[in-house]
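The chain contents come next:
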Amino acid sequence: MVCPDPQALAQWPPELTILVPSQTWLARIQAAARTPVKVAVLNPATKRCTFLRIGPQPPDPTAPRGLLCGE
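Residues numbered from 1 in each chain as written. Predicted model: local features only at pLDDT ≥ 70, side-chain atom pairs only at ≥ 80, totals over all residues. Heavy atoms only, no water.

**Student:** I tried to follow the pairing of strand 1 (residues 17-20) on my own but got confused; where do I start?
**Tutor:** Along any regular strand, the residues point their side chains to alternate faces of the sheet. With burial as the criterion, only one face of strand 1 is covered, namely that bearing Ile 18 and Val 20; the residues Thr 17 and Leu 19 on the opposite face remain uncovered. For strand 1 and strand 2 (residues 37-43), the ladder comprises four bridges, and the chain directions are parallel. Paired with Val 20 across the two strands is Val 41, which belongs to strand 2. Handedness of the crossover joining strand 1 and strand 2 through helix 1 (residues 23-32): right-handed. (Buried < 20%, exposed > 50% of the residue type's maximum accessible area, 1.4 Å probe, protein only. Helix = DSSP H or I, 4+ residues; strand = E, 2+ residues; numbered from the N terminus. Pairing = 2+ DSSP bridges. Right-handed = clockwise from strand over helix to strand, strands pointing away.)

Here is the structure:
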């Protein structure tokens, strides 16, 4: 399964694995995950995947806090 829109991860079934093509995509999934998801990260050089379980990340206490869109 190819990576969905990171905003859709809250509804992603936990038993499905998300295939991502690079570490950049893995970082996007890690930042967006709100529930645990399985991720397979493809190494383009070896054509092998590393399988990981990604969970929600705690908020960054140093990140600036602002208004949400539309507020």
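Picking up after the structure, the text goes on.
**Student:** Looking at this structure, how should I read the packing of aromatic side chains?
**Tutor:** For the structure on display, the rule yields zero aromatic pairs. In this structure, Arg 28 packs its charged tip against the face of Trp 25, placed 4.6 Å from the ring centre. (Phe/Tyr/Trp six-rings, centres within 6.5 Å; stacked < 30°, edge-to-face > 60°. Lys NZ or Arg CZ within 6 Å of the ring centre and 35° of its normal.)

**Student:** Explain the nonpolar core to me, please; I cannot follow it from the model alone.
**Tutor:** One broad trend across soluble globular proteins is that nonpolar side chains are buried collectively. Trp 12, Ile 18, Val 20, Leu 26, Ile 29, Ala 33, Val 37, Val 39, Val 41 and Ile 54 form the largest nonpolar core, which has 10 residues in total. Of all the secondary structure elements, the ones that give two or more residues to this core are strand 1, helix 1 and strand 2. Tallying contributions element by element places strand 2 first for this core, with three residues. (Core = buried A, V, L, I, M, F, W, Y, C linked by side-chain atoms within 4.5 Å.)

**Student:** How should I be thinking about unusual backbone geometry in this particular structure?
**Tutor:** Residues other than glycine predominantly adopt negative phi, and peptide bonds predominantly adopt the trans conformation. The phi angle at Lys 47 is positive, at roughly 65 degrees, despite the residue not being glycine. Within the fold, Lys 47 resides in the loop between strand 2 and strand 3 (48-54). Classification of Lys 47 as exposed rests on a relative accessible area of 64%.

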